[in-house]
Amino acid sequence: MHITAEIQEAVTFIQSKCDQKPTIGIILGSGLGPFADTLENAIRISYNEIPHFARSEAVGHANELVIGEIAGKVVVAMKGRFHYYEGYSLDQVTFPVRVMKMLGIEKLIITNACGAVNTNFKPGDLMLITDHINLTGNNPLMGPNNAELGVRFLDVSEVYSKKLRGIVAGVAEKMGITLQNGVYAWWSGPTYETPAEVRMIRTLGADAVGMSTVPEAIIARHSGIETIGISCLTNMACGILDQPLGHEEVIETAERVKGTFLKLVTESIAQF
Ligand code: HPA
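As the structure is a computational prediction, the values presented were derived from the model and not from experiment.

## Points about the pattern of salt bridges
For step 1, the next point in the chain: Taken as a whole, this structure holds 10 salt bridges when the rule is applied.
For step 2, the next point in the chain: The salt bridge partner of aspartate 125 is lysine 122, with a shortest N-O separation of 3.3 Å.
For step 3, the next point in the chain: Since its relative accessible area comes to 6%, aspartate 125 is described here as buried.
For step 4, the next point in the chain: We note a salt bridge from glutamate 226 to lysine 163, for which the minimum N-O separation is 3.5 Å. Placement of the pair is glutamate 226 in strand β9 (residues 226-236) and lysine 163 in helix α3 (residues 162-175), with a sequence separation of 63 residues.
For step 5, the next point in the chain: Linked by salt bridges that have partners in common, Asp37, Arg44, Glu64 and Lys79 make up one network.

What follows is the structure, encoded as structure tokens:
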């Protein structure tokens, strides 16, 4: 089936369950899902019910789309995302962004848990993504371009909106929240990086490394959505501290900063 017809089918299904029209989307990374539970008058739709969404088997991930109100806006939240390392194609990983665009969103907040490469950062810091480096050698726009969806050769000089970044930075300052700025490197995973790879990534100019966000941000840009990325630096990247890294640490840190993250995002949405 043609991609635009697939997007339309998913949108028609979602609209049959919900008559609110979202203007802001948010993709919630590891441990940050609780934001979706703060939406009011919310309806929840399991990914498994939505036509053409990838089938998700992940245990412990809600994998649901939640549409509801917060700070006077209607928001569509993705509680759980599809990752490249799970074996999904980048079309599958980014399909929900196309769907959110057709649902009516104008702005997208992409969040993630990631490792700090910049040694001035510490676990638990939040980071506004200023730019990214794609280390995977793949790109979600590879293949024939659909001109109905966007241009062939996309300008990516400002993937993460300066205007929205300014708003989020202002909110953080006003609320006394430490907010780092930095470049996010996209690592395919599912292995974490070796210490040598982390040194390479730092040399290349990145401040943080993670396994998501970039494909969704590229498609959001292609779709003309104003986008920002907020990372939760859950750990120092491998080799910086003389200790092994595990998923428990990632989840534990995200859990610890969840409250601050919720406040920052909610107040930013109020001002978007
Ligand atoms: N590297 C890659 N992805 C991650 C990390 C990391 O250190 N922490 C959380 N997600």
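Additional details are given in the paragraphs that follow.
## A look at the UniProt feature "binding site: a purine D-ribonucleoside" (unreviewed entry) in the chain
For step 1, the next point in the chain: In the UniProt entry, the feature "binding site: a purine D-ribonucleoside" (unreviewed entry) is given for Glu193 and Asn235. The named residues occupy 43 residues along the chain; their greatest pairwise C-alpha distance, 12.4 Å, places them in one compact cluster.
For step 2, the next point in the chain: Along the chain, the position of glutamate 193 falls in the loop between β7 (179-186) and α4 (195-204).
For step 3, the next point in the chain: Taking the relative accessible area as the measure of exposure, glutamate 193 reaches 7% and is therefore buried.
For step 4, the next point in the chain: If sequence neighbours within four positions are ignored, glutamate 193 has contacts with Trp187, Val198, Ile201, Val209 and Cys238.
For step 5, the next point in the chain: Relative to the helices and strands, asparagine 235 is located in strand β9.
For step 6, the next point in the chain: Its relative accessible area of 3% is what places asparagine 235 among the buried residues.

## Section: the site of the ligand
For step 1, the next point in the chain: Around the ligand lies a shell formed by Ala113, Cys114, Gly115, Tyr192, Glu193, Val209, Gly210, Met211, Thr234, Asn235, Leu245 and Val250.
For step 2, the next point in the chain: Contact between the ligand and glutamate 193: a nitrogen atom at 3.0 Å from a side-chain N or O atom of the residue.
For step 3, the next point in the chain: Asparagine 235 is positioned with one of its side-chain polar atoms (N or O) 2.7 Å from a nitrogen atom of the ligand.
For step 4, the next point in the chain: Protein contact buries 94% of the 260 Å² of open area that the ligand shows by itself.
For step 5, the next point in the chain: Counting residues per element, the ones that place at least two in the shell around the ligand are β5 (107-116), β8 (208-210) and β9.
For step 6, the next point in the chain: With 3 residues, β5 is the largest single contributor of residues to the shell around the ligand.

Cut-off values and rules
Residues numbered from 1 in each chain as written. Predicted model: local features only at pLDDT ≥ 70, side-chain atom pairs only at ≥ 80, totals over all residues. Heavy atoms only, no water. Salt bridge = Lys/Arg side-chain N within 4 Å of Asp/Glu carboxyl O. Buried < 20%, exposed > 50% of the residue type's maximum accessible area, 1.4 Å probe, protein only. Helix = DSSP H or I, 4+ residues; strand = E, 2+ residues; numbered from the N terminus. UniProt positions renumbered as here; feature names shortened; annotations may be inferred. Contact = heavy atoms within 4.5 Å. Near = heavy atom within 4 Å. Polar contact = N/O pair within 3.5 Å; in protein donor to acceptor, adjacent residues only side chain to side chain. Areas by Shrake-Rupley, 256 points an atom, 1.4 Å probe, with all protein chains shown as cover.

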